[in-house]
Amino acid sequence: MNALDKFFKLSENGTTVRTELLAGLTTFLTMAYIIFVNPSILGDAGMPKDSVFVATCVAAAVGTLIMGLYANYPIGLAPGMGLNAYFAYAVVKGMGFPWQAALGAVLISGCLFLIVSVLRIREMIIKSIPQSLRTAIPAGIGLFLAIISLKSAGIVAANPATFVTMGDLHQPAPVMAIIGFLVIVALDKLKVRGALLIGILLVTVMSFLFGGNHFTGVFSTPPSVAPTFLQLDVKGALSMGLLNVVLVFFLVELFDATGTLMGVATRAGLMKEGKMERLNKALMADSTAIVAGSLLGTSSTTAYIESAAGVQAGGRTGLTAVAIAVLFLLCLFIAPLAGVVPLYATAPALFFVACLMVRELVHIDWEDTTECVPAVITALVMPFTYSIANGLALGFISYAGLKLLTGRVKDVSAIIWIIAAIFLFKLIYLGE
């Protein structure tokens, strides 16, 4: 225990081994859906699902382990939602590229990502982000978490006329999710440790009684990863006009991961004077994870906003991340057990975290419209377009544009002008 305390600086961060492990389990339970969703999405692109399942688990474990041991942050990594959909439905099915070439594009974007991290260019970008946008990022991620969790719980549903509408609250899933949410809030208010985990487990138990959930066993032999391992086609990616795809991957990876890191670090109280210590190590961790994931056979691996659930459960150090990584590796052998926790069981925990993250909006300077308007745009566009990167894009563009129109050009750093121009170019010429 003393060795763990010394290595992860547990006492310094006001946490314990028990708290960190509990936080790791909490985050893992909110992330575990990816080991089933990712093979399904990439399977639609023609990739072998069993191999993608293994690649997903191993890529998540490798990336998260680096984050924990190298950067000492309580942040989990896994193949990113949105990026996998872009990979499968836009690049492979939409543009007609082989999945091997698409994996090559992921590798190239990951290498570019690694280079800008090593050269500390990415760190310079983050440090240049104005306070108003920096405050809006965790709030926007909170709203993004909110719509994800409400959808997972069945409380909101799609509607062709209004885009979203109330789900069927007569169904067991939303009712159980609501009960779980109220229990979590009450336990947190009463300062009961592990409130989020208790809520997740409570709804999971209820799912067996009222939700038709079935126990399907515990152990299974891991499938072979050979059909996707090192199957990427880099030469094809370079010769088939995929440079546009590489740029899109790179931009989304850059700002999705950046926004997530800042949002989770803010929620954990790990920002010192608005800056993350060991930031470059965290950036190196998710950059390396992208490269590792492409070699194993999965779309871009990135930091997960669900890590905020573990932070709320008390996670403050890399020991939380190590616990998450170990659980992902165990999933290779206990896939049936991992699949028992339904999405609507983790939704209450995510929604509670979302409620807490939106509180960050109170720190915005509401008297200066050139500061508060871009911040609000950043926060609202994330959930409404289902993309952290889109929120950041319109936030940067509106921030630079408003400063220009009000004669306050000197308030904007050169890096922000460059980022805003790149995002504008992407939106105009490259689309979503």
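Preceding this paragraph is the structure being described.
Before going into details, it helps to say that this report is about the structure given with it. Bear in mind the structure is a predicted one, so any value in this text is a computation, not a measurement.

Criteria and thresholds
- Residues numbered from 1 in each chain as written.
- Predicted model: local features only at pLDDT ≥ 70, side-chain atom pairs only at ≥ 80, totals over all residues.
- Heavy atoms only, no water.
- Helix = DSSP H or I, 4+ residues; strand = E, 2+ residues; numbered from the N terminus.
- Buried < 20%, exposed > 50% of the residue type's maximum accessible area, 1.4 Å probe, protein only.
- Contact = heavy atoms within 4.5 Å.
- Core = buried A, V, L, I, M, F, W, Y, C linked by side-chain atoms within 4.5 Å.
- Expected span 1.5 Å × (residues − 1).
- Phe/Tyr/Trp six-rings, centres within 6.5 Å; stacked < 30°, edge-to-face > 60°.
- Lys NZ or Arg CZ within 6 Å of the ring centre and 35° of its normal.
- Pairing = 2+ DSSP bridges.
- Polar contact = N/O pair within 3.5 Å; in protein donor to acceptor, adjacent residues only side chain to side chain.
- Axes fitted to C-alpha atoms, helices over the stretch in contact; angles between N-to-C directions.
- Parallel < 35°, antiparallel > 145°, perpendicular 65-115°, else oblique.
- Left-handed = near helix turned anticlockwise from the far one by under 90°.
- Salt bridge = Lys/Arg side-chain N within 4 Å of Asp/Glu carboxyl O.
- Patch = residues over 30% accessible without salt bridge, like charges linked within 9 Å, V, L, I, M, F, W, Y side chains within 5 Å.
- Areas by Shrake-Rupley, 256 points an atom, 1.4 Å probe, with all protein chains shown as cover.
- Nonpolar A, V, L, I, M, F, W, Y, C, P; charged D, E, K, R; others polar.

### What to know about the overall build of the protein chain
Point 1. Across its full length, the protein chain holds 20 helices and six strands.
Point 2. Principal-axis analysis of the C-alpha atoms gives the protein chain an extent of 60 × 55 × 50 Å.
Point 3. Burial statistics for the protein chain: of 432 residues in total, 56% are counted as buried.
Point 4. Restricting to contacts in the protein chain with at least 6 residues of sequence separation, those with at least 24 account for 82%.

### What to know about the nonpolar core
Point 1. In this structure, F87, L145, F249, F328 and F396 are the most contacted members of the largest nonpolar core, which totals 86 residues.
Point 2. In contact with L145, other than residues within four places in its own chain, are I305, A308, L350, V353, A354 and M357.
Point 3. Listed in part, the 17 residues of the second largest apolar core include Y73, A265, L279 and A303.

### Thoughts on helix α13 (residues 279-296)
Point 1. In this model α13 runs 26 Å from its N-terminal to its C-terminal C-alpha over 18 residues, within 8% of the 26 Å that 1.5 Å per residue would give.
Point 2. The buried fraction of α13 is high, at 15 of 18 residues.
Point 3. At the exit of α13 stands G297, carrying a positive phi of roughly 115°.

### Structural notes on the packing of aromatic side chains
Point 1. If you walk through the whole model with that rule in mind, you get four aromatic pairs.
Point 2. Relative to F423, the ring of F396 has its centre 6.1 Å away and its plane inclined at 20°; by these criteria the two rings are stacked. Taken together, the residues F396 in helix α19 (residues 388-405) and F423 in helix α20 (residues 414-430) connect sequence positions 27 residues apart.
Point 3. Since its relative accessible area comes to 1%, F396 is described here as buried.
Point 4. Residue classification places F423 among the buried positions, given a relative accessible area of 3%.
Point 5. Residue placement shows K281 over the ring face of Y70; its charged tip is 5.3 Å from the ring centre.

### Re the pairing of strand β2 (residues 156-159)
Point 1. Bridge count between β2 and strand β3 (residues 163-166): four bridges; the pairing is antiparallel. Counterpart to V156 in the pairing with β3 is M166.
Point 2. From the end of β2 to the start of β3, which pair antiparallel, there are three residues.

### Some points on the environment of H214
Point 1. Summarising the element assignment, H214 is placed in the loop between α10 (195-210) and α11 (234-239).
Point 2. According to the relative accessible area criterion, H214 is exposed, its value standing at 58%.
Point 3. For the pair H214 and F53, spaced 161 residues apart in sequence, the C-alpha to C-alpha distance is 21 Å.
Point 4. H214 has contacts with F208 and V340, leaving out every residue within four places of it along the chain.
Point 5. A distance of 3.1 Å separates the side chain of H214 from the backbone oxygen of G212, its partner in a polar contact.

### Some thoughts on the packing of helix α4 (residues 49-71) against α13
Point 1. At their nearest, the axes of α4 and α13 sit 9 Å apart, and the two run at 160° to each other. When the axis of α4 is compared with that of α13, the two are roughly antiparallel. Crossing angle aside, the handedness with which α4 passes α13 is right-handed. Together, A55, V58, A59, V62, G63, I66, M67, Y70 and A71 of α4 and K281, A282, M284, A285, T288, A289, A292, G293 and L296 of α13 make up the contact between the two elements.

### Focus on the pattern of salt bridges
Point 1. Within the structure shown, the criterion is met by three salt bridges.
Point 2. As a salt-bridge pair, R408 and D368 come within 3.1 Å of each other at their nearest N and O atoms. Highlighted residues: R408 in the loop between α19 and α20 and D368 in the loop between α17 (343-357) and α18 (369-385), separated in sequence by 40 residues.
Point 3. Judged by its relative accessible area of 16%, D368 is buried.
Point 4. Across the pair K403 and E371 runs a salt bridge whose closest N-O atoms are separated by 2.8 Å. One end of the pair, K403, is in helix α19; the other, E371, is in helix α18, and 32 residues separate them in sequence. Neither residue differs from the other here; K403 and E371 are each classed as buried.
Point 5. Because the salt bridges share partners, they merge into one network encompassing D368, R408 and D411.

### Some points on a nonpolar patch on the surface
Point 1. Among the surface-exposed residues, L394, L424, F425, L427, I428 and Y429 lie close enough to one another that they form a single nonpolar patch of about 590 Å² accessible area.
Point 2. For L424, the location among the structural elements is in helix α20.
Point 3. Taking the relative accessible area as the measure of exposure, L424 reaches 40% and is therefore partly exposed.

### So, the side chain of N38
Point 1. Inspection of the secondary structure assignment puts N38 in helix α3 (residues 34-43).
Point 2. On the basis of relative accessible area, N38 is assigned to the buried category, the value being 0%.
Point 3. Side chain to side chain, N38 and T298 meet in a polar contact 2.9 Å long.
Point 4. Not counting residues within four places of it along the chain, the set of residues in contact with N38 comprises G43, V52, T56, P79, N84, T298 and S299.

### Structural notes on the environment of E306
Point 1. Inspection of the secondary structure assignment puts E306 in the loop between β6 (301-303) and α14 (307-312).
Point 2. If we ignore the near neighbours within four places in the chain, the residues touching E306 are T27, T30, M31, Y33 and L350.

### Some points on the packing of helix α2 (residues 17-31) against α10
Point 1. Relative to each other, α2 and α10 sit at 45°, their axes nearing to 9 Å. Comparing the axis directions of α2 and α10 gives the class oblique. Where α2 crosses over α10, the two elements pack in a sense that is left-handed. Residues L22, L25, T26, L29 and T30 of α2 pack against L196, L197 and I200 of α10.
Point 2. Along the lines of polarity and charge, the residues of the contact of α2 with α10 split into six nonpolar, two polar and no charged.

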